[in-house]
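Here is what each chain is made of, one letter per residue.
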Amino acid sequence: MVDATGQRRADVAVADGAVVAVEPELEPSSDAVVLDAARCVVAPGLVDLHTHLREPGREEAERIESGARAAALGGYTAVLAMPNTEPAIDSVAVVRQVLDLGASAVTDVAVAGAITVGREGERLAPLAEMAALGVRLFTDDGSGVQDARLMRRALEYASVLDVVLAQHCEEARLAAGGQMHEGEWSSRLGVPGIPAEAEELMVHRDISLSRLTGARVHLLHLSTAGSVALVEAAKTEGLAVTAEAAPHHLCLTDAEVAGYDTAFKVNPPLRGTADVAAVRAGLASGAIDAIATDHAPHAQEAKEAPFDQAPPGMIGLETALAVSMTELADQLPIAAILALLSWRPAQIAGLSAEHGGPVAPGASANLCVIDPSATWVVDPARSASRSRNTPFTGRRLTGRARHTVYRGEPVVVDGEAQR
Amino acid sequence: MSDPMSDPMSGPAADPAADPGGWPVTATRHLLSIADLGRDGINEVMRVTDSFVEVGRRAIPKVPALRGKTVVSLFCEDSTRTRLSFETAARRLSADTMNFSASSSSLSKGESLRDTVETIDAMGVHALVVRHFSAGVPWQVASWVSAAVVNAGDGWHEHPTQALLDCYTIRESIGADAGLEGLRIAIVGDVKHSRVARSNVLAFSALGAEVTIVAPPTLLPPSLAGWPVVVSNDLDGVLPKSDVVYLLRLQTERATESLLPSVREYTAGYGLTRERGALLAERALVMHPGPMNRGVEIAAELAGLPNSLVTRQVANGVAVRMAVLYLLLGSGADLGA
């Protein structure tokens, strides 16, 4: 049993959606469902800060139901649905729609609201009205809020709402037209690039705005060495800044684009070797608080386009845990990896009451059981997502969610979704 | 000719991601990049081209080498000379040709590129000659079809048959069978957006030439790491030391994108003006892939000088493309038949 309070050998008993006992050698009652966890790690369910569920508007790529199932298979018990749907989640009505659809899903589906109306970066969305429905994180993700004055006002306005504003850091004019990381590979491949500085400029700006307003800022999917250094400095200064990184940015580089496979097109783009090393170091040092999937499903026909016309994005809910364990096992103990995947993101998203542990009597029974030595090969055809756009096809990974318990219900047992 | 089906256009596929220090290498039975060929492959194309240049001089410039083969040109970007050159090459080899252009096709009716390509492939064609405005499309097409794919230009990326015909044209002019060893070649202009430059840097350097790129900083690729070139922005200093001056086409919209203050300023700094013509070494060769902007990258009177190879480039284009199609589809028929 591993959670934020430490690790110990114990059985966990669950009833009526809550943990009722955590003790060695519990004797199950005769009518209990027993999940075998021998040689496994029992942990609080994982929490994804960054999930594109596509509903409403792009149901051919994903639905809330299918995305949540993929999440449960990956060990998640809560996901935060990003607002770049069609229409955008920028009003009470759309927040309610997504919450309603999420109510029957196999994980909690928390909602991120848009900062600006239609994510157009021009005027504030009704932040207080959405916050009143429980929205705890706002972002225009997919693009950054370009107007520094508007972003300042959003931070000031939101600072009394007990919410966090999150930024997709990308200076749009500098990044304009870019399809991959700008550098050696983009130059060889003749593909327009997105310089690292397009991200770092906005990271720097939003750290400055956090200093100016005193408001919390969460920086989404950081991908460059420069961004990691900026966040590290902001934290040293004591600013209210948190950050996340995506699994693909801790192991894949822009060299993957050499064959023009659009599975490797993502935004922020796969960066250089030094950036990957810096992201990993940032996860180890605590500069980066969380691993977030940026699960971004796209229909196969959309991805089968010329590289510069294909939409950016990769699915990741079913591979994030395994990629993190495979890639970081040498650097970090499993408790530290789970902190990045569970309790830290739960705190950032305001979900700590229900998710992220600790696993103790009275806590909500949102749990996952991880087999740290299971090895498996990624096969996109087996994904529960409606999309197949993983960059990890054929990759051998070590570590896998074996069971997932959501509100006391075993929704995944031995790697199989139960509904 | 030795078995044209095996060497040198085939070889083990390399994993592009495994060698971040090298140029991406992919194909076995396709011609996607000059990097697929290497020095030996380029020389083999040159050798086969010699035979087809001879065919081109005959009263009836046609051989039955690819009789029964079908070559489809799939052009998703405007092109006149390259498409005509490939189609002429295919017909002179007695292949059947089909022409598919994006504007008149199902692509403009919303069919995906993959569906279009697979439909054509299902008709049993043998080669697809692909031109596309997006970098990488020939690689994607090659992964979807069983036909051989020839890259006829992909975005800013590569244009391998242009580089092959340029190599052939230089060799023809200097009479060197050994290659371009030690030859000083200046490539001048918009390298950043040029597929011709990317293929020619690979081809010229593979054959031993010393390549200098001359361009304003805004028209250079963001990184030249791994490029076997020297960079200069002093055309006046480079010209007297160059055996070949290769001018790239300047698209006038580069000025509206603020990559340049004006076309006039480009010409003043990087155009082969009449005044600069006097700086050329005595036997220097002047090349241009066409279509030329006379008065922008090259003064009108210089384009017509005897050491300008522009029309030889076009003429050799057909023979080089015959050689490429023959090497890829090789019927084994006797060239002399």
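This write-up is about the structure you can find in this document. (Residues numbered from 1 in each chain as written. Chains lettered and ligands numbered in written order. Predicted model: local features only at pLDDT ≥ 70, side-chain atom pairs only at ≥ 80, totals over all residues. Heavy atoms only, no water.)

As for the overall build of chain A
- When helices and strands are counted, chain A shows 12 helices and 19 strands.
- Taking 419 residues into account, the globule formula puts the C-alpha radius of gyration at 22 Å, and chain A, at 20 Å, falls close to it.
- Overall, chain A is about 65 × 50 × 40 Å in size when its C-alpha atoms are taken along their principal axes.
- For chain A, with 419 residues in total, the buried portion stands at 60%.
- Long-range pairs, those at least 24 residues apart, make up 74% of the contacts in chain A between residues at least 6 apart in sequence.
- Across chain A, the 34 positively charged side chains and the 55 negatively charged ones have centroids separated by 2 Å. (Helix = DSSP H or I, 4+ residues; strand = E, 2+ residues; numbered from the N terminus. Rg over C-alpha atoms; globule rule 2.2 N^0.38 Å. Buried < 20%, exposed > 50% of the residue type's maximum accessible area, 1.4 Å probe, protein only. Contact = heavy atoms within 4.5 Å. Lys, Arg positive; Asp, Glu negative; His and termini not counted. Charge placed at Lys NZ, Arg CZ, Asp CG, Glu CD.)

Looking at unusual backbone geometry
- Looking along the chain, the bond that leaves asparagine 267 of chain A and enters proline 268 of chain A is cis, with omega of 0 degrees.
- Inspection of the secondary structure assignment puts proline 268 of chain A in the loop between strand E14 (241-245) and helix H9 (273-285).
- Looking along the chain, the bond that leaves glycine 290 of chain B and enters proline 291 of chain B is cis, with omega of -10 degrees.
- Among the structural elements, proline 291 of chain B can be located in the loop between strand E9 (285-287) and helix H11 (300-303).

Some words on the packing of aromatic side chains
- Taken as a whole, this structure holds four aromatic pairs over all chains when the rule is applied.
- Look at tyrosine 260 of chain A and tryptophan 139 of chain B: their rings are 5.5 Å apart centre to centre, the planes differ by 50 degrees, and that puts the pair in the tilted class. In this pair, tyrosine 260 of chain A is assigned in the loop between E14 and H9 and tryptophan 139 of chain B in helix H4 (residues 137-144), connecting two distinct chains. Grouping residues by exposure puts tyrosine 260 of chain A and tryptophan 139 of chain B together as buried.
- Judged by centre distance (5.8 Å) and plane angle (65 degrees), the ring pair of phenylalanine 52 of chain B and tyrosine 326 of chain B falls under edge-to-face. Of the two residues, phenylalanine 52 of chain B is situated in helix H1 (residues 38-56) and tyrosine 326 of chain B in helix H12 (residues 310-329); the sequence distance between them amounts to 274 residues.
- Residue class for tyrosine 326 of chain B comes out buried when judged on its relative accessible area of 3%.
- One residue, arginine 188 of chain A, lies across the ring of tryptophan 185 of chain A, its end atom 5.2 Å from the ring centre. (Phe/Tyr/Trp six-rings, centres within 6.5 Å; stacked < 30°, edge-to-face > 60°. Lys NZ or Arg CZ within 6 Å of the ring centre and 35° of its normal.)

A short note on the interface of chain A and chain B
- Taken residue by residue, the interface counts 23 residues in chain A and 29 residues in chain B.
- Both sides together, the interface formed by chain A and chain B hides about 2,000 Å², and carbon and sulfur atoms give 58% of it.
- Applying the counting rule to chain A against chain B returns one salt bridge.
- Two residues, arginine 114 of chain B and glutamate 304 of chain A, come together in a salt bridge whose shortest N-O distance is 2.5 Å.
- The interface formed by chain A and chain B holds seven residue pairs in polar contact (both at pLDDT 80 or more) in total.
- Broken down by element, the residue count for the side of chain A that touches chain B peaks at five residues, all from helix H6 (residues 184-189) of chain A. (Buried area = accessible area lost by both parts, 1.4 Å probe. Salt bridge = Lys/Arg side-chain N within 4 Å of Asp/Glu carboxyl O. Polar contact = N/O pair within 3.5 Å; in protein donor to acceptor, adjacent residues only side chain to side chain.)

A few points about the state of the cysteines
- For the structure on display, the rule yields zero disulfides over all chains.
- Residue cysteine 251 of chain A stays outside any disulfide, its sulfur separated by 20 Å from that of cysteine 368 of chain A, the closest cysteine. (Disulfide = S-S within 2.5 Å.)

Things to note about the nonpolar core
- Counting 120 residues, the largest nonpolar core has Phe138, Leu219 and Leu338 of chain A together with Leu128 of chain B as its most contacted members.
- For this core, the element with the most residues is helix H12 (residues 334-348) of chain A, which contributes seven residues.
- Each residue touching leucine 219 of chain A, except ones within four places of it in the same chain, is listed here: Gln167, Cys169, Val203, Asp206, Ile207, Val231, Val241, Thr242, Ala243 and Glu244 of chain A.
- Listed in part, the 67 residues of the second largest apolar core include Phe75, Ile213, Leu248 and Leu328 of chain B. (Core = buried A, V, L, I, M, F, W, Y, C linked by side-chain atoms within 4.5 Å.)

A few points about the sheet that holds strand E5 (residues 184-188) of chain B
Residues and elements named next belong to chain B.
- The five strands are arranged E7-E6-E5-E8-E9 in an open sheet whose pairing can be described as parallel. Sheet topology places strand E7 (229-232) and E9 at the edges, where each strand pairs with a single neighbour. Looking at each pair of strands side by side, their axes are set apart by 20 degrees on average, direction ignored.
- Of the pairings in the sheet, the one linking E5 to strand E8 (residues 244-247) comprises four bridges and is parallel in character. (Pairing = 2+ DSSP bridges. Axes fitted to C-alpha atoms, helices over the stretch in contact; angles between N-to-C directions.)

Looking at the packing of helix H5 (residues 160-174) of chain B against H12 of chain B
Residue and element names in this part refer to chain B.
- Put simply, H5 and H12 touch, their axes get as near as 8 Å, and they point 120 degrees apart. When the axes of H5 and H12 are compared, the crossing they make is right-handed. Touching Thr161, Gln162, Leu164, Leu165, Asp166, Tyr168, Thr169 and Glu172 of H5 are Arg312, Gln313, Asn316, Gly317, Val320, Arg321 and Val324, all from H12.
- Here the residues of the contact of H5 with H12 sort into five nonpolar, six polar and four charged. (Left-handed = near helix turned anticlockwise from the far one by under 90°. Nonpolar A, V, L, I, M, F, W, Y, C, P; charged D, E, K, R; others polar.)

Distances and angles like these do not, on their own, reveal function.
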